[in-house]
Each structure stands twice: as structure tokens, then as C-alpha cells.
Amino acid sequence: MTDTTDTADASRTDQWETVVGLEVHVELATVTKLFCACPNLFGAEPNTNICPVCLGLPGSLPVLNERVVEFALRVGEAFHFDVPERSIFHRKNYFYPDMPKDFQTTQYDEPICLAGWLDVDGVRVGITRAHLEEDTGKSVHLGGGGRIHDASHSLVDYNRAGVPLMEIVSEPDMRSSEQARRYVEELRATLLAIGVSDVKMEEGSLRVDANISVRHYGDEFGTRAEIKNVNSLRSLARAIDYEHDRQIEMLERGERVKQETRHWDEEAGCTRPGRSKEEPDDYRYFPEPDLVPIAPSAELRAHVRASMPELPAAQRTRLIDEWGINDHEAGVLLSTPGLAEYAETAVVALDGGGTPKDVVNWATNDVLSYVNETGLSPALLAPEMLAELVRLVGDGTISRNQARDVLAESLREEKWPKAIVSERGLAQVSDEGALGAAVDDVLAQNADAVEEWRSGDDKVKKKKRGFLMGECMKALKGQGNPQLLNRLLDERLARG
Amino acid sequence: MSEPGARITRAEVTHVARLARLALTDDEADSLTRELGVILDNAARVSALDTAGVPPTAHPVPLVNVLRADVPKPCLDRDEVLSQAPAVEDGRFLVPRILGEEP
Amino acid sequence: MNATELAAAVRSGERSAVEVVEEHLSRIDAREGELHAFNLVMADDARAAAAQIDAAVARGEDPGPLAGVPVALKDNMCTRGLPTTCSSKILDGWKPPYDATVVTRLRDAGAVFVGKTNLDEFAMGSSTENSAFGPTRNPHDPSRVPGGSSGGSAAAVAADFAALSLGSDTGGSIRQPAALCGVVGVKPTYGAVSRYGLIAFASSLDQIGPFATTVADAALALEVIWGHDPLDSTSIGSVPSAIESPLAVLDRGVEGLRVGIVDEITLAEGIAPEVRAAVEAAGLALESAGASVEHVSVPSAEYGLSAYYLIAPAEASSNLARYDGVRYGLRVDGETVEQMNAATRDCGFGAEVKRRIMLGTYALSTGYYDAYYGTAQRVRTLIIRDFERAYERFDVLLGATSPTVAFELGARTADPLAMYLSDVCTVPSNLSGDPAMSVPFGADAAGLPIGVQVLAPALQEATMFRVAAAIEAAKGSAS
Ligand SMILES: [Mg+2]
Ligand SMILES: [Zn+2]
């Protein structure tokens with residue numbers, strides 16, 4: 001192609017479509033590992049959470065964690081999967097020092113979840129399957145600037161080996177980086193809501209690989225590249241956009257896209273090919289003889305169904321409808337674990353002394369910044385305290401500004417807002433008689449200003465009124481109810 | 001049916017040795033090509049039986065749902081484990097540099 | 001004195017466990033140099049354990065059903081802090097940080113461990129010649145093999161180095177050496193004895209069982225080691241509570257039992273005439289004890305060996321991947337981890353282990369899975385069905401254990417397939433998961449022992465032991 005860049009760009013948007021499918025690995029939030037009783041913990045001293053089983057010692061045998069089955073059924077419900085009568089584990093055989101047995105115990109052609117879906121902003125994304133497997137250990141590469149192939153040697157820590165993972169594989173149903181990002185967001189919110197994972201990308205408890213191809217609209221799927229090492233939603237979107245451009249450029253130059261694994265380089269902002277393999281992989285899958293099939297009982301299925309929480313999609317629609325909040329507010333509320341629940345309890349506790357929208361305002365601003373600053377979970381805060389605060393503002397006891405300080409102290413010291421207000425003597429003067437007397441005093445003492453107000457133009461009027469209002473507040477030590485004070489001042493000035 | 005003992009080529013033997021991470025000598029590869037051919041001839045007798053429509057048995061016990069409560073137990077002592085390792089650094093297992101990538 | 005008698009004498013205080021263990025240790029001293037039954041003799045540990053048993057008896061406590069009984073363990077069962085090698089260079093020097101479940105159960109029953117016995121490397125073999133530490137010899141004729149792979153455990157009991165021993169049986173590795181060494185050897189129902197701590201060869205076939213000099217001793221040992229183990233997902237929950245105790249029914253006789261002699265493992269080509277004769281004679285003995293005896297065909301059993309030599313190596317190729325020089329055992333240095341892995345494995349594994357890893361890797365590889373591993377699994381189903389059909393008509397089945405008596409060292413080492421044929425009568429029970437045992441019954445002209453195999457449906461160990469006891473009782477008159 002010899003087009004200029006401009007026309008090429010124009011033709012791209014016209015002709016080319018990105019096709020994205022995602023493989024998401026989620027670490028399940030169990031107490032112990034998948035097949036042994038070692039704690040499933042992040043950040044322990046290297047090689048301290050290991051036993052004969054997860055270290056793959058000769059003679060050791062796996063036994064499946066029952067909570068993992070329950071979690072898988074929850075995932076099954078949440079994403080409308082088929083959960084077959086029977087599913088089994090296979091061994092995936094390959095050598096790697098991170099993998100203690102040199103095979104991974106994983107599900108293959110009989111996984112626990114099949115054919116589900118997730119609606120993302122009105123578009124249905126198919127989910128091919130979700131299966132259980134064990135995580136590997138972790139190595140650090142020394143020398144060579146931490147890069148694996150230049151390293152002089154590597155050190156292996158098996159604490160993560162055997163941690164339960166669920167691999168959730170979507171259909172190639174997404175058509176843009178934004179859609180892919182939103183899919184992961186929605187997936188995370190749902191997984192969080194059903195309590196199966198803490199979905200922290202930065203701790204690696206949620207990892208995304210992206211299969212990306214491009215095609216002319218209406219054509220068959222193109223050859224895809226698999227992109228690994230995307231560690232945040234932002235890099236996911238960047239990597240997809242980069243691949244989109246790279247593949248189109250290749251195709252427009254008349255080259256072919258190679259089916260390969262590529263790694264996202266965050267610093268350089270590009271993807272790079274992995275090491276090319278001498279021979280194709282051959283994992284020699286066969287049924288894991290040390291484990292027996294999973295066949296979820298009707299009782300367990302019923303129990304899981306009955307204990308499913310409201311899912312984020314449904315909750316969002318309900319909150320928008322019932323509370324009159326907007327999409328953005330609902331999004332903020334749902335993307336922090338526990339925040340929506342916190343707000344819901346606070347709304348109940350309001351008891352008419354304010355609106356849900358007030359609660360959401362406080363929750364998504366002041367409460368959320370406190371949560372982010374301290375790293376605390378909203379579940380640890382008392383929503384009744386927020387409700388009390390909203391009531392205090394609603395009935396005019398304190399101003400919005402005062403309320404901000406009161407909330408900060410209330411969160412920090414776990415103190416009731418009423419108590420803080422009375423301790424600090426913050427209650428507003430809302431008594432009309434007292435306020436009226438104060439206004440009268442101020443007007444009497446500032447007759448010249450009143451006179452200037454009366455004869456001045458709009459600009460002067462505004463300035464003088466502001467001055468008089470300030471004097472009134474000063475006289476009331478800042479505790480006058482501002483709305484009331486404004487009305488009384490205007491009434492008296494008008495009266496002359 | 002192929003020639004007796006000719007079920008596997010030397011190239012296949014070399015390929016399989018790579019999959020199995022065995023650094024075979026040339027002599028070993030030669031004799032394995034011969035021996036595996038003979039053994040596979042015998043093994044191939046299984047195809048003499050009509051197994052169409054017969055389900056495979058992976059396992060002789062008809063158990064399902066053997067599960068463990070999600071309750072932690074003490075782990076191994078790290079020093080005891082590392083004392084068995086060929087090479088250790090910083091509480092971790094030391095290996096030479098890794099050429100291949102994790103799939 | 002056999003195990004039952006020893007335990008009774010120690011429990012009653014009639015004999016001291018220390019004295020019992022010293023007797024066995026002195027026999028080991030005298031003959032171990034010639035036989036090489038052990039990879040490790042645990043003399044000091046054994047003496048200390050025996051002293052504790054005596055102390056318990058002195059305090060008026062009961063140390064358990066195996067009080068003071070010297071026991072040998074096949075060296076593929078993990079013993080905490082003690083070398084466990086699988087007779088392989090690749091595990092030389094490794095000390096497991098945990099005990100196998102059977103080890104714990106035996107110790108809790110008062111057993112005294114005298115050593116870890118030699119085996120074919122990773123239990124792959126039928127003669128114990130594939131040990132990295134040299135072969136074990138048959139106590140009846142040291143120029144001959146003891147059978148394998150549990151040759152050390154069989155020889156240890158035959159030479160009275162221990163009153164009992166444990167072996168593992170993946171394709172006949174308990175029963176065949178038991179036959180060749182003239183002792184009783186039992187492969188229980190798959191799942192009856194925990195495999196936790198047994199170093200895996202082929203997981204869907206491996207099963208631990210006892211060697212003993214008498215059928216009653218074997219029953220005593222089995223009842224100590226079997227039963228549900230939450231650490232093994234394939235462990236059967238109902239054992240032993242839901243099934244009959246073999247010990248309790250041993251003297252019930254065989255009156256009215258229906259016995260079938262399986263043509264495929266009695267009359268097949270390659271089974272020596274004197275072995276066939278012994279099986280027929282055992283049948284006659286059972287008949288005169290009141291059982292009905294008939295011949296029966298289990299047609300697919302003929303294909304057992306072929307299926308076995310695909311399934312077992314396939315599972316083994318995966319089970320043995322972990323010996324890579326990273327976490328324990330041998331390491332041979334290399335530039336890269338890949339080179340280190342390959343050099344370690346090439347140096348650490350012997351020829352037979354490599355052969356099976358290669359065979360299994362090939363059988364599972366792309367393009368061959370269906371033809372080899374997949375078909376073998378279907379044949380396994382056919383074998384199970386054929387046995388089920390046979391057990392509709394018979395309570396137990398009878399056949400040869402080993403096609404021949406003990407052979408000379410070196411006789412089959414040059415021809416892997418000839419060695420594999422040693423297992424032709426035993427593999428069908430591993431594929432079906434059913435119990436089977438070998439009982440000594442007569443000898444050939446040179447006085448070499450012959451074993452007769454008794455097979456039973458899953459969890460019918462009690463019936464199997466009744467029949468074995470009757471064969472044992474008839475032995476004197478038949479030979
Ligand atoms: Mg996976
Ligand atoms: Zn563990």
C-alpha cells in the first residue's frame with residue numbers, strides 16, 4: 001500500500017475490525033490451596049507455605065478443596081454456565097521449574113463450567129468455559145536486569161504453587177479495547193460480588209491474556225496473536241490498540257500475521273514476540289489418576305443457587321431506578337468492594353432524614369477517599385454513622401462544610417456525628433428569634449453600609465450584602481444557619 | 001500393519017526424548033528405537049480387539065466428590081525442605097537460567 | 001516363629017521385642033551380604049523401637065496387633081528422615097520430610113522396622129535386577145532372581161530377615177516375587193490401602209500389600225494397613241468397616257464356594273507345565289475341601305499385558321517428570337535449566353526407567369494417544385466387564401502367578417519383552433482393580449517354589465483369604 005498516513009488511517013476505521021477474546025485467570029479466595037491444606041496467602045516468606053503435596057514430593061497425593069467446588073458453582077450461576085453432571089481433572093505435561101510436579105493438574109475437555117455469558121453495556125459476550133487448575137510457583141531472574149533469558153540464574157519460590165485458579169475463557173466476541181476493558185471490569189465486579197476472589201490485578205490474583213486479531217468487516221477471523229503480561233486494565237487497552245495497529249500495518253504491507261505469543265512491554269508501550277520454539281508444544285493431556293470426578297449434588301447446587309447475592313448488573317439497575325443516581329455514581333459505588341452495601345445500609349438507617357442521593361454523594365466522595373487512604377474495607381465502617389451525619393445536614397443542625405470535618409473525625413475515631421457536634425459545640429443556631437436579633441444588631445451598627453447598599457448599583461449591592469452577611473456570621477460565631485440567616489437579612493434589608 | 005519393530009522412527013525417538021527431557025546418547029537413541037519398536041508391536045495387539053463404543057476406564061474405583069474441608073494445616077519446615085535441594089539461595093531453590101517460556 | 005506367634009508372645013510378655021529383633025538382625029548379618037535384600041538396614045532404629053515396645057509391655061500397655069514384629073519396607077515408601085531411594089540414583093540421598101500412611105499405621109500397631117528393601121528402579125521390572133544398587137538374589141537359590149519389582153521384600157521374608165514386609169504391586173510386583181520366593185503375597189483391592197507416601201509408578205494401578213510366610217500373617221498385616229485415608233482421594237471409604245475381616249473367616253473352609261480356573265492365566269503359551277500342574281492340583285485340593293471347581297475363560301485377559309504396557313508407562317512418564325534436579329535428589333549441572341533437567345534425568349535414571357518414560361511419552365503424544373493410550377483404556381473396560389461376567393458364576397478365580405519358577409540372573413535382561421511376559425498372569429487384576437494373592441503351592445523338580453494365584457471381586461478379600469488358607473492347608477499333601 002502506498003497510501004499516505006492520513007488516508008490509511010481513514011481506511012482503517014472504515015475497513016478493519018478488531019476481534020478480541022480474553023483468557024482471565026482468577027485466584028480463588030479460599031483459605032487453603034487447591035489440593036493441600038497449605039494456607040493460600042499472598043506475600044509470605046519464600047517457601048514457607050509448602051507441604052509434600054504442593055511441593056510435588058514423591059509419594060504425595062492431591063485431595064480437592066471442597067470450597068473450590070462451591071466457588072466454581074457460584075461462578076457457574078453468575079455467568080449462566082452449564083455445570084455438567086460430571087467434570088474431571090487432567091494432567092498437562094510440560095517441564096518448567098516453577099511447576100513442582102512438571103505437570104499441571106488442570107481441567108481439559110470436561111471442565112466444570114461450559115457455555116456461559118456476560119452482558120457488557122448491552123452487548124452479550126459469550127464465555128466458552130471456566131475451568132479449575134493449580135497455579136505455579138514464582139521465579140525471580142537474577143543478573144541480566146531481571147529479564148528471564150539474560151539472567152545468570154533464577155530462584156524459585158513455591159508458595160503460590162497449588163493456589164486454586166479459575167481460568168475463564170471468553171469467545172472472540174469483543175470488538176474494541178474499550179469493550180475488552182469493560183468486560184474485565186464487569187467480570188471483576190461480579191467475581192467480587194459473589195465472593196470467590198479478591199480480583200487484585202496488582203497482586204496477580206486476576207491475570208489477563210488477550211487473543212487479538214483483525215479482519216475486514218464481514219470476513220472470517222484473522223490470525224490471532226496471544227498477548228501476555230498485561231498487568232492492569234490500562235495496559236490491556238493499550239496492548240489491544242497497539243496490536244490492532246501493528247496487525248493492520250502488516251496486512252496492509254501485504255505481510256501475514258503470525259500466530260504467536262507476544263509480551264506486552266509496559267515501558268516501551270509495545271508488544272514483543274516471545275522466544276520462538278523449536279517444536280510445537282505437546283502437553284500429552286490425560287485424565288489425572290490421583291483424583292476422582294467432581295459430580296455436584298442437587299443439594300449443593302440448590303444451596304449455591306439460594307445463597308447467590310444480587311449481581312452487580314442487577315444491583316446497578318436497581319440503584320439507578322430506586323435512588324435516582326446516575327450511571328457514573330452507580331459505577332463508582334459498585335467498583336469498590338463493600339461500598340454499595342455500605343450505602344444501602346446507610347440509606348435504610350436514614351429513616352427519612354435525607355435522600356439516598358445524599359448518602360451516595362458522601363459515600364462516593366468522602367467515605368471513598370477515606371477508604372482509599374487507609375486501605376480499609378467499607379465493611380469495617382458503620383453506615384449508621386453516615387446516616388446520622390446526613391440527617392444532621394438535612395435538618396440544618398450543621399452545614400455541609402462542618403459536616404465534612406465531622407465525617408472525617410467520625411470515620412477516624414469511630415465516633416457518632418452527634419457526639420462530635422455537641423463536643424465541638426458545632427450545632428447551628430436555627431432559632432429565628434435569636435438570628436433575627438443578631439441581624440438587627442448588625443444593621444444598627446452598620447448603618448452606613450446599609451445606606452451604601454440602598455443607593456448602590458447591583459455590583460455595590462452585592463458587595464455590601466456580602467459584608468453584612470459576614471458580620472452576621474461573625475456575631476453568631478459562625479454557627480448561624482446560613483439559609484435562615486440569608487432569608488432574614490434579605491427580609492430586613494427589603495423592609496428598609 | 002507396519003514391519004515388525006518399525007513402529008517408531010529414530011527421529012520420533014529423538015523428539016520424544018526432548019519431550020521427556022532425557023539427554024540420550026546416540027547409542028541410547030539407537031537401541032531405544034529398536035526396543036520401543038518391538039514393545040510397540042506387542043502393545044499394538046490392543047487394536048485387535050473391537051473397542052468401538054466401549055468407554056475408556058481411567059480409573060478402577062467408582063468414587064466421585066472426594067473432598068477436603070478448607071481448613072489449613074501446618075506446613076513443612078523450610079530448612080528441612082531446603083536441606084534436600086541441590087542448590088539454594090535466599091530461601092529459594094536455585095536453578096540455572098531458563099531458556100524456554102512458561103506456556 | 002511367624003508374625004502372629006511373635007506378636008502374641010511379645011504382647012503376653014513371654015518374649016521380649018529386643019530379643020526378637022536381635023534374632024532377625026543376626027540372620028541379616030549372616031546372609032544379607034549374599035542376598036542383598038536391603039538398601040538400608042535400620043539396626044539401631046529397630047533396637048530402639050523394640051526397647052520401647054518392651055517398655056510398654058512392662059507398663060502393662062498393649063503395643064498393638066503387631067507388637068515387636070520385625071517388618072521390612074519396600075524402599076519406595078516414604079520414611080521421615082530416612083533415605084528413600086526407589087533404588088534409583090536420581091533419589092540417592094533424599095530423606096523425605098514425611099511418613100507414608102502405611103508406615104504410620106504399622107508403627108502404631110507395634111511393628112519394628114528393620115530396613116528398606118531393594119526393588120527394580122521405581123518398581124519397573126520383574127526381577128529386581130533393575131536396581132541402581134545391584135540385584136537381590138533368591139534365598140532358595142542365590143543364582144536366581146527373587147522376582148520383582150518387590151524382590152527385596154519377598155526375599156527378606158523368605159530369608160526370615162523380617163516376619164512381614166510390604167511391597168507395592170502395579171502389574172504383579174508383589175505376587176510374582178512372592179511366587180518365586182515361596183511366600184504369601186497380597187495385592188488388595190485398588191483403594192483399600194492408602195497410597196499416600198508410596199512413590200508413584202502408575203497411579204491407577206499401584207497398590208500396597210503385605211508379604212508373609214502364612215496366609216494368616218498376611219491377613220493380620222493387611223488388616224493393620226488398610227482402611228480409609230483422607231490423604232488419598234482414591235482410598236475407599238468403606239474399608240474395613242463394611243467388609244468382612246479376612247482374619248475372622250480364615251478357618252471357615254471353602255465348602256460350597258464356586259472356584260473358576262482361568263484358562264488365559266493357566267493354560268496360555270509360555271506357562272510352564274509344572275506351574276499349570278500346580279494350579280490344577282490346587283483346584284483339586286479345593287474340590288476335595290468341598291468347593292466346586294470349573295474352568296472358565298476371561299477372553300480379554302489375554303490382552304491385559306499389551307494394555308498394561310501402554311497405561312503403566314504413560315502414567316509413569318508423567319509421575320516421573322518431577323525428578324528434574326530442582327528440588328531434591330540428584331542434579332547434573334547444565335548451562336540452562338533445560339540442559340540441567342535432561343542431563344540429570346539421563347544420568348539419574350537407569351535403562352528400563354528411560355525405556356518406559358519414552359514409551360509412555362510416545363503413547364500420550366499428539367497423534368498416538370487414541371491408537372495407544374485411548375485404546376488401552378477401552379481394553380481395560382473390556383477386561384473389567386469380562387471379570388464381572390466371570391464373577392457372576394464364580395466366587396473366586398484361580399490361575400498361575402508367574403509363568404515360570406525363579407529364573408537365573410541375567411536370563412531376561414537383554415530382552416525387555418521377555419521380561420515383560422513375566423507379568424502376563426498378574427496384570428489383569430491391576431487393570432480391573434480387583435484383589436489377588438499368591439500362595440505357595442508345591443515346587444518344581446529342582447525344589448524351586450511355585451505360587452498359585454487366587455483372584456476375587458473388589459472388596460471380597462475375605463473370600464479370597466478363605467480360599468488361600470485352604471490351598472495353604474492342602475499344600476503338605478499335594479507336594
Ligand atoms: Mg490454563
Ligand atoms: Zn501444600
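Please refer to the structure higher up on the page.
Residues numbered from 1 in each chain as written. Chains lettered and ligands numbered in written order. Predicted model: local features only at pLDDT ≥ 70, side-chain atom pairs only at ≥ 80, totals over all residues. Heavy atoms only, no water.

Chemist: I tried to follow the sheet that holds strand 6 (residues 208-212) of chain C on my own but got confused; where do I start?
Modeler: Pairing between sheet strands relies on hydrogen bonds along the backbone, with the strands arranged either parallel or antiparallel. Residue and element names in this part refer to chain C. Taken in spatial order, the 11 strands of this open sheet run 1-3-2-4-6-5-10-11-9-7-8, and their pairing is mixed. Two strands lie at the open edges of the sheet, namely strand 1 (38-41) and strand 8 (292-296), each paired on one side alone. Between one strand and the next, the sheet's axes are offset by a mean angle of 25°, whatever the strand orientation. Contacting strand 4 (164-168), strand 5 (184-187), strand 6 and strand 10 (436-443), helix 7 (residues 215-225) runs over the sheet at an angle of about 150° to strand 6. (Pairing = 2+ DSSP bridges. Helix = DSSP H or I, 4+ residues; strand = E, 2+ residues; numbered from the N terminus. Axes fitted to C-alpha atoms, helices over the stretch in contact; angles between N-to-C directions. Contact = heavy atoms within 4.5 Å.)

Chemist: How should I be thinking about the pattern of salt bridges in this particular structure?
Modeler: Oppositely charged side chains may form a pair once their charged atoms are brought near each other. Residue and element names in this part refer to chain A. All told, the structure shown has 77 salt bridges over all chains when counted by the stated rule. Of the charged contacts in the structure, one is a salt bridge between Glu-27 and Arg-207, with a shortest N-O distance of 3.5 Å. With a gap of 180 residues between them, Glu-27 in strand 1 (residues 16-27) and Arg-207 in strand 10 (residues 206-216) connect regions that are remote in the sequence. Taking relative accessible area as the criterion, Glu-27 reaches 11% and is therefore assigned buried. A relative accessible area of 24% places Arg-207 in the partly exposed class. (Salt bridge = Lys/Arg side-chain N within 4 Å of Asp/Glu carboxyl O. Buried < 20%, exposed > 50% of the residue type's maximum accessible area, 1.4 Å probe, protein only.)

Chemist: What's the story with the packing of aromatic side chains in this structure? I'm lost.
Modeler: Geometrically, a pair of aromatic rings is defined through the distance of the ring centres and the angle of the planes. Scanning all chains against the criterion turns up 22 aromatic pairs over all chains. Ring plane angle 75° and centroid distance 6.1 Å describe the contact between Tyr-283 of chain A and Tyr-285 of chain A, whose orientation is recorded as edge-to-face. Tyr-283 of chain A sits in the buried class, given a relative accessible area of 18%. Site record: aromatic cluster; members linked through ring pairs are Trp-94, Phe-122, Tyr-323, Tyr-328 and Phe-349 of chain C. In this structure, Arg-124 of chain A is placed above the aromatic ring of Trp-117 of chain A, and the distance from its NZ or CZ to the ring centre is 3.4 Å. (Phe/Tyr/Trp six-rings, centres within 6.5 Å; stacked < 30°, edge-to-face > 60°. Lys NZ or Arg CZ within 6 Å of the ring centre and 35° of its normal.)

Chemist: Even after reading the chapter, I still don't get the packing of helix 10 (residues 304-319) of chain C against helix 12 (residues 351-364) of chain C, so can you show me in this structure?
Modeler: When two helices pack together, their arrangement is given by the angle between the helix axes and by the axis-to-axis distance. Residue and element names in this part refer to chain C. Put simply, helix 10 and helix 12 touch, their axes get as near as 7 Å, and they point 100° apart. The pairing of helix 10 with helix 12 is recorded here as roughly perpendicular in orientation. Across the interface between the two elements, Tyr-309, Leu-310, Pro-313, Ala-314 and Ser-317 from helix 10 touch Arg-356, Ile-357, Leu-359, Gly-360, Thr-361, Ala-363 and Leu-364 from helix 12. A breakdown of the residues in the contact of helix 10 with helix 12 according to their chemical character gives eight nonpolar, three polar and one charged. (Parallel < 35°, antiparallel > 145°, perpendicular 65-115°, else oblique. Nonpolar A, V, L, I, M, F, W, Y, C, P; charged D, E, K, R; others polar.)

Chemist: What should I look at first to understand the interface of chain C and chain A in this one?
Modeler: Interface size is often expressed as the accessible area that is lost when the parts come together. Contact residues are listed per partner, giving 39 residues for chain C and 30 residues for chain A. In total, chain C and chain A occlude about 2,600 Å² of area from one another, counting both sides; carbon and sulfur atoms represent 58% of this. The largest contributions to the chain C side of the interface with chain A come from Ser-233, Arg-322 and Arg-327 of chain C, which together make up 23% of the buried area. For the pair chain C and chain A, the number of links is two salt bridges. Salt-bridge contacts for Asp-290 of chain A lead to Arg-195 of chain C; the nearest nitrogen and oxygen are separated by 3.0 Å. Where chain C meets chain A, there are 16 residue pairs in polar contact (both at pLDDT 80 or more). Elements that contribute at least two residues to the side of chain C that touches chain A include exactly helix 10, helix 11 (337-348), helix 12 and helix 13 (370-393) of chain C. Here the element with the most residues in the side of chain C that touches chain A is helix 10 of chain C; it accounts for four residues. Partitioning the side of chain C that touches chain A into residue classes produces 20 nonpolar, 12 polar and seven charged. (Buried area = accessible area lost by both parts, 1.4 Å probe. Polar contact = N/O pair within 3.5 Å; in protein donor to acceptor, adjacent residues only side chain to side chain.)

Chemist: I'm lost on the coordination of the magnesium ion (ligand 1) in this one. Help?
Modeler: Working reference: metal with six octahedral donors, ideal angles 90 or 180 degrees; metal with four tetrahedral donors, ideal angle 109.5 degrees. At 2.1 to 2.6 Å from the magnesium ion (ligand 1) lie its protein donor atoms, namely Glu-133 of chain A (OE), Glu-133 of chain A (OE) and Glu-167 of chain A (OE). Here Glu-133 of chain A is found in strand 6 (residues 123-134), whereas its partner Glu-167 of chain A is found in strand 9 (residues 164-170), with 34 residues between them in sequence. (Donors = N, O, S within 2.8 Å, 3.2 Å for Na, K, Ca; no water.)

Chemist: Quick question: what am I supposed to make of the coordination of the zinc ion (ligand 2) here?
Modeler: Residues and elements named next belong to chain A. Distances from the zinc ion (ligand 2) to its protein donors, Cys-36 (SG), Cys-38 (SG), Cys-51 (SG) and Cys-54 (SG), fall at 2.3 to 2.4 Å. Between the four donor atoms coordinating the zinc ion (ligand 2), the angles at the centre fall across 99 to 117°, so the site counts as tetrahedral. Sequence spacing of the donors to the zinc ion (ligand 2): C-x1-C-x12-C-x2-C. Placement of Cys-38 in the loop between strand 1 and strand 2 (64-65) and of Cys-54 in the loop between strand 1 and strand 2 is noted, with a sequence separation of 16 residues between them. In this structure, Cys-38 and Cys-54 share a single accessibility class: buried. (Tetrahedral: all angles 85-135°; square planar, octahedral: opposite > 155°, others 65-115°.)

Chemist: Teacher, can you tell me more about the interface of chain C and chain B here?
Modeler: At the junction of the two partners, chain C supplies 61 residues and chain B supplies 52 residues. Roughly 5,200 Å² of surface becomes buried between chain C and chain B when both sides are summed, with 66% attributable to carbon and sulfur atoms. Remark: the boundary between chain C and chain B carries four salt bridges. Residue Arg-355 of chain C is joined to Glu-35 of chain B by a salt bridge in which the shortest nitrogen-to-oxygen separation is 2.7 Å. Between the two partners, chain C and chain B, sit 20 residue pairs in polar contact (both at pLDDT 80 or more). When contributions to the side of chain C that touches chain B are tallied by element, the ones reaching two or more residues are helix 10, helix 11, helix 12, helix 13, helix 14 (416-420) and helix 15 (427-432) of chain C. Per-element accounting of the side of chain C that touches chain B gives the leading share, 11 residues, to helix 13 of chain C. Here the side of chain C that touches chain B is built from residues that sort into 28 nonpolar, 19 polar and 14 charged.

Read these as spatial facts, not as claims about activity.
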